[in-house]
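Coordinate inspection notes
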Amino acid sequence: MQEELKKSLSEAITQFNNRRTQLLQDAFTEGGEPALDKLVEEYDALRDAYFEILKRELDQNNPRYTQLTTATKEEADNLARSLKKLNNVNEILALTTSVINLVGRVLIVLAL
């Protein structure tokens, strides 16, 4: 499950990078500089969260392991799909924030 989670996070980051110019333009068009800054901050946090998962070993014996890693993987998959479709910036921001929050919970509960 940990490998699947890393793969899903990597896919979301790749989709963001592949559509970076369009996403940044859309963010600016939809919300000006504050939306643009927020999108860049969320992307940086997502990338940092991914690298934290890479650096740490997760406690697979924890009873919440499957629940947390599955929820995080599903949300990362949703984010990747949203990025592929270039959905509106608010949806992308909401999904990115959700993934980051779930990765944070995974690291707090499961990280060794």
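Residues numbered from 1 in each chain as written. Predicted model: local features only at pLDDT ≥ 70, side-chain atom pairs only at ≥ 80, totals over all residues. Heavy atoms only, no water.

1. Concerning the pattern of salt bridges
A side chain of one charge can pair with a side chain of the opposite charge if their charged atoms are brought near each other. Going through the model one piece at a time under the given rule, you end up with 7 salt bridges. Ionic pairing is found between K73 and D77, a salt bridge with its closest N-O pair at 2.7 Å. With a gap of 4 residues between them, K73 and D77 both fall in helix α3 (residues 65-84), about one helical turn apart. Assessed through its relative accessible area of 21%, D77 is described here as partly exposed. Salt bridges here are not isolated pairs; linked through shared partners, they connect E52, K55 and R56. (Salt bridge = Lys/Arg side-chain N within 4 Å of Asp/Glu carboxyl O. Helix = DSSP H or I, 4+ residues; strand = E, 2+ residues; numbered from the N terminus. Buried < 20%, exposed > 50% of the residue type's maximum accessible area, 1.4 Å probe, protein only.)

2. Examining the packing of aromatic side chains
Tallying each qualifying case throughout the model produces 2 aromatic pairs. Considering the side-chain rings of F16 and Y43, the 4.3 Å spacing of their centres and the 15° angle between planes classify their relative orientation as stacked. Taken together, the residues span a long stretch of sequence, with F16 in helix α1 (residues 2-18) and Y43 in helix α2 (residues 20-55) at a distance of 27 residues. Taking relative accessible area as the criterion, F16 reaches 4% and is therefore assigned buried. Between the NZ or CZ atom of R20 and the centre of the ring of Y43, over which it lies, the distance is 5.0 Å. (Phe/Tyr/Trp six-rings, centres within 6.5 Å; stacked < 30°, edge-to-face > 60°. Lys NZ or Arg CZ within 6 Å of the ring centre and 35° of its normal.)

3. A closer look at the packing of α2 against helix α4 (residues 89-110)
When two helices pack together, their arrangement is given by the angle between the helix axes and by the axis-to-axis distance. Running from N to C, α2 and α4 cross one another at 20°; their axes reach a closest spacing of 9 Å. Taken together, the axes of α2 and α4 lie roughly parallel to each other. The interaxial crossing formed by α2 with α4 has left-handed handedness. (Axes fitted to C-alpha atoms, helices over the stretch in contact; angles between N-to-C directions. Parallel < 35°, antiparallel > 145°, perpendicular 65-115°, else oblique. Left-handed = near helix turned anticlockwise from the far one by under 90°.)

4. Things to note about unusual backbone geometry
Backbone geometry places L86, a non-glycine residue, at a positive phi of 50°. Locating L86 in the fold gives a position in the loop between α3 and α4. Overall, the relative accessible area of 32% leaves L86 in the partly exposed class.

5. Digging into the nonpolar core
Generally speaking, soluble globular proteins have nonpolar side chains that are buried together. Core analysis: the largest hydrophobic core is formed by 30 residues, its most contacted members being L9, L39, L46, I53, L79, V99 and V103. Taken together, the elements giving at least two residues each to this core come down to α1, α2, α3 and α4. It is α4 that provides the largest number of residues to this core, a total of 10 residues. Excluding anything up to four places from it in sequence, I53 contacts Q2, L5, K6, L9, L58, V103, V106 and L107. (Core = buried A, V, L, I, M, F, W, Y, C linked by side-chain atoms within 4.5 Å. Contact = heavy atoms within 4.5 Å.)

6. A few points about α4
Relative to the 32 Å expected for 22 residues at 1.5 Å per residue, α4 spans 31 Å between its end C-alpha atoms, a close match to the ideal helical length. Residues of α4 that are buried include every one of V89, I92, L93, L95, T96, V99, I100, L102, V103, V106, L107 and L110, and no others. On the buried face of α4, the contacting elements are α1, α2 and α3. Between the side-chain oxygen of the N-cap and the backbone nitrogen of N90 there are 3.1 Å, and the N-cap of α4 in question is N88. (Expected span 1.5 Å × (residues − 1). Polar contact = N/O pair within 3.5 Å; in protein donor to acceptor, adjacent residues only side chain to side chain.)

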